[in-house]
Amino acid sequence: MKRITKNDITSHDPFTMPEWLLTNGLGGYAYLSVPFIHTKSYHALFNASLHPPVDRYSVLYDMLGCCRIDGQDYDLQDYFDYILIGDVITYVYTLHDIIIKQTISLVHNKNTFVMNYHIFNPSAKTIEFYLRPILSLRIPDQVNEKAPEYAIFPYRNRLSIVPLNRKDTLIHMKISNGVFTQEHQDYTPAPYTFHQKMGGGIQDHLSIPGFFESIITDQQVNISVSCTLEEHIDDPITAIGSEIARKEALTFSKDALFNRLVKAADNFIVKRGDGHSIIAGYPWFTDWGRDTLISLEGLTLVTKRYDDAKDILTTFIETLKDGLCVNMFPDGNGDALYNTADASLWLIHATYQYYQYTHDYAFIKKYFSALQNIIFTYIKGTKHNIHLNDDFLLSAGSGEDQITWMDVRIHGKAVTPRHGCPVELNALWYNALCIMDLFAKLLGEESFFDMLAGKCKESFTKFFDTHKGYLYDVAYEDATMRPNQLYAFALPFPIIDQKQAASMVEKVYEQLYVGKGLRTLPADHPDYHGIYTGVVEKRDLAYHQGTAWGYLIGPFLRADYALYHNKARTALLLKPLLNSLDEQCINGINEIFDADAPHTGKGCVTQAWSVAEVLCIYAQILKND
């Protein structure tokens, strides 16, 4: 549990000010800065997911608390003392001898926000306690041009709200002891400083429908509030206790930091239909195929959530199309996107990892033909110009296709096209062929995969530049120094030898490692961008052209450990990312970091594959070999 006092907050910069995040297992979340400063449109007490895990809808922007004592008003936020950030969020306020503890939680697998105020009033003063809900009623990444419109139905201690822009959505709010008074007023918050720097809507327009009021005369009292899209309204105190117990039940290690990472991993595992998926990052990403499959080991296997892993694999295997794995499920009701060449190979890799942890023979037998079809389809050729060359290397991409993880386009123009034979795509291809050979032999099936793997390995020698001591990023044509080459030695079936790997890892360490991840370009490259900032076009130019990525610590430290078997060294190299759990969004690890020092966290404030890869490497450090 992280404790932050008001004196610990020394900056209101949107990239360094401490924040917290809670999630509900549906894609919904609560997300605020510690000092209640809303620096971005995503900040809200309750962002629901209307069609889990997508179609997010910002419901409750904030809840303004006020105490009236002896005719004087005290706004609670002005008397903030400290916060405890753990399984739930607890703010503590001190008003003279009165202590108020505000505990915030979401209900798992429900679109429900709950909050309890425990008021310690030793002098038994009469306190008029007011809560004013501020409604946002919009999608989280936009702002309202005018205050939202809605129909309201108050009754005693509760009210129901129907937003006019989502008439199919019914919102219920309730206070445990008190009454609601309708008193509408528009609310205009301060401009969003995050969007002033990064683009997006700056000025929002919100609405307060009225206020809850409770009269307190006892020395101790609990006042609970709930906001839900469900028919049944959960008891907030019970729900808070259940969420604490649920989170604690996820842990199983004697190591406190490992358990903290296990709980951080839980934020990303969400319901999708009757199964599960993985949210790529908060606050704006949905579930992406590549991100999910790279994250699967850390989030579900290292954490012993084997049933969730099986559900997730099933979701992506059963949605294969033309040999391609879903790249992204859009935030809405649109069709899934299949614009990736590597996700299908990551699917085979993730299935292998699942088998290594569970020995689930029946699962491999059930889906062997579907996985085998990926190989057949890639050999024959499929969309995005994916095909096997005459030299048995895998090729993909044409025009302005973006089929690898470096997938940015600006005004339809690819920034890092990487068409042809990208290094990690071929490392994954070789890895997939070796896995399929293993599966075929396990099932007693005829296998030609080992022959293909051997031919691929023979041709892969073309990637290594003996003069520079590292691998081409794209065979034959692009010798740019990038981190993608690490997968040639970091996967279960490495395609290069130890001598080549040692040279490669040394070059990567010298030119790309920055502590909190790996740069995507060396600092001396003419296209290098050291700071990720500005409007979307400027940021997109930097996204894969210098910007450091946290998840790349995974292949780097796997390769490093495979070479040196030095856990002390691995721990030292991992430490900066572990330390980032106490920076910016507490208990999260950013998607990306500035390539230039001090390597400020940017992008999503907590990213699935960043947490997952750190968890995998930390588990390896703890493991008794």
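Read on for an overview of the structure. On a predicted model such as this, the values are computed, not experimentally measured, just so you know. (Residues numbered from 1 in each chain as written. Predicted model: local features only at pLDDT ≥ 70, side-chain atom pairs only at ≥ 80, totals over all residues. Heavy atoms only, no water.)

Some words on the layout of surface pockets
Volume-wise, the largest pocket comes out at about 1,200 Å³. Trp284, Phe285, Trp288, Asp540 and Tyr543 are, among the 46 residues lining the largest pocket, the residues nearest its centre. At the level of elements, strand S5 (54–69), helix H1 (193–198), helix H4 (289–301) and helix H12 (536–543) are the ones that each hand at least two residues to the lining of the largest pocket. The element best represented in the lining of the largest pocket is H12, accounting for four residues. Grouping the constituent residues of the lining of the largest pocket by class yields 22 nonpolar, eleven polar and 13 charged. Looking at the second largest pocket, its volume works out to about 1,000 Å³. Lining the second largest pocket are 34 residues, and of these Glu297, Tyr357, Cys616, Gln620 and Lys623 lie nearest its centre. For the lining of the second largest pocket, the secondary structure elements donating two or more residues are H4, helix H6 (343–358), helix H10 (487–490), helix H13 (553–564) and helix H15 (608–622). Partitioning the lining of the second largest pocket into residue classes produces 21 nonpolar, seven polar and six charged. (1 Å grid on protein atoms, 1.4 Å probe; cavity = no way out; pocket = protein on both sides within 12 Å on 5 of 7 lines; lining within 4 Å. Points joined across faces, edges and corners; volume = space filled by probe spheres on them. Helix = DSSP H or I, 4+ residues; strand = E, 2+ residues; numbered from the N terminus. Nonpolar A, V, L, I, M, F, W, Y, C, P; charged D, E, K, R; others polar.)

Let's talk about the packing of aromatic side chains
Summed over all chains, the structure comprises 38 aromatic pairs. Here tyrosine 74 and tyrosine 79 contribute two aromatic rings whose centre-to-centre distance is 5.6 Å and whose plane-to-plane angle is 65°, an arrangement assigned as edge-to-face. For tyrosine 74, a relative accessible area of 8% translates into the label buried. Aromatic pair tyrosine 378 and tryptophan 429: ring centres 6.2 Å apart, planes at 15°, arrangement stacked. (Phe/Tyr/Trp six-rings, centres within 6.5 Å; stacked < 30°, edge-to-face > 60°. Buried < 20%, exposed > 50% of the residue type's maximum accessible area, 1.4 Å probe, protein only.)

Considerations on helix H14 (residues 567–579)
Along its 13 residues, H14 runs 18 Å from first to last C-alpha, staying within 8% of the 18 Å computed at 1.5 Å per residue. Remark: the principal bend of H14, roughly 35°, maps to leucine 573, with a proline, proline 576, within the next four residues. Where the residues of H14 are buried, they touch helix H3 (256–266), helix H11 (498–511), H13, strand S28 (592–593) and H15. Measuring from the side-chain oxygen of the N-cap residue of H14 to the backbone nitrogen of alanine 568 gives 3.2 Å; that N-cap residue is asparagine 566. (Expected span 1.5 Å × (residues − 1). Bend = angle between axes of the 7 residues up to and from the residue. Contact = heavy atoms within 4.5 Å. Polar contact = N/O pair within 3.5 Å; in protein donor to acceptor, adjacent residues only side chain to side chain.)

Let's talk about empty space enclosed by the protein
Where empty space is left can be seen by rolling a probe of water-molecule size over the atoms. All chains considered together, the criterion is met by four cavities of 30 Å³ or more. If you trace the largest cavity, you find 13 residues lining it, with Phe36, Met63, Gln77, Tyr93 and Gln102 closest to the centre. Elements with a contribution of two residues or more to the lining of the largest cavity: S5, strand S8 (89–95) and strand S9 (98–106). Broken down by element, the lining of the largest cavity gets its largest block of residues, three residues, from S5. Grouping the constituent residues of the lining of the largest cavity by class yields nine nonpolar, three polar and one charged.

Section: the pattern of salt bridges
Tallying each qualifying case throughout the model produces 32 salt bridges. Notably, a salt bridge pairs lysine 125 with aspartate 97, separated by 3.7 Å at the nearest N-O pair. With lysine 125 in the loop between strand S10 (112–120) and strand S11 (127–138) and aspartate 97 in the loop between S8 and S9, this pair connects stretches of sequence that are 28 residues apart. For the salt bridge of aspartate 391 with lysine 462, the shortest nitrogen-to-oxygen distance reads 2.9 Å. (Salt bridge = Lys/Arg side-chain N within 4 Å of Asp/Glu carboxyl O.)

Digging into H3
Counting buried positions along H3 gives eight out of eleven residues, so the element sits mostly inside the fold. For H3, the secondary structure elements touched by its buried residues are helix H2 (236–249), strand S18 (269–272), H4, H14 and H15.

Concerning the side chain of threonine 292
With respect to the helices and strands, the residue threonine 292 is situated in helix H4. A distance of 3.3 Å separates a polar side-chain atom of threonine 292 from the backbone oxygen of isoleucine 278.

Quick word on the sheet that holds S10
Pairing in this open sheet of nine strands is antiparallel, and the strands run S1-S7-S8-S9-S10-S17-S14-S13-S12 from one edge to the other. Either end of the sheet is taken by a strand with one partner, and the two such strands are strand S1 (2–5) and strand S12 (150–155). Taking each pair of neighbouring strands and ignoring which way they run, the sheet shows an average axis angle of 15°. Pairing geometry for strand S7 (residues 80–85) and S8, over five bridges, is antiparallel. Bridging from a neighbouring strand, phenylalanine 80 pairs with tyrosine 93 of S8. On the sheet, H2 packs against S9, S10 and strand S17 (220–228) and is oriented at approximately 105° with respect to S10. (Pairing = 2+ DSSP bridges. Axes fitted to C-alpha atoms, helices over the stretch in contact; angles between N-to-C directions.)

Brief notes about unusual backbone geometry
Cis geometry is found at the peptide bond from proline 52 to proline 53, where omega equals 5°. Its place among the elements puts proline 53 in the loop between strand S4 (44–51) and S5. Omega for the bond connecting tyrosine 282 with proline 283 falls within 30 degrees of zero, at 15°, which places this linkage in the cis form. As for its placement among the helices and strands, proline 283 is situated in the loop between strand S20 (281–282) and H4.

With respect to the sheet that holds strand S27 (residues 548–549)
The antiparallel open sheet is built from three strands, whose spatial order is S27-S28-S29. Two strands close off the open sheet at either side, each with one partner strand: S27 and strand S29 (601–602). Here two bridges tie S28 to S29, and the two strands are oriented antiparallel to one another. Paired with isoleucine 592 across the two strands is lysine 602, which belongs to S29.

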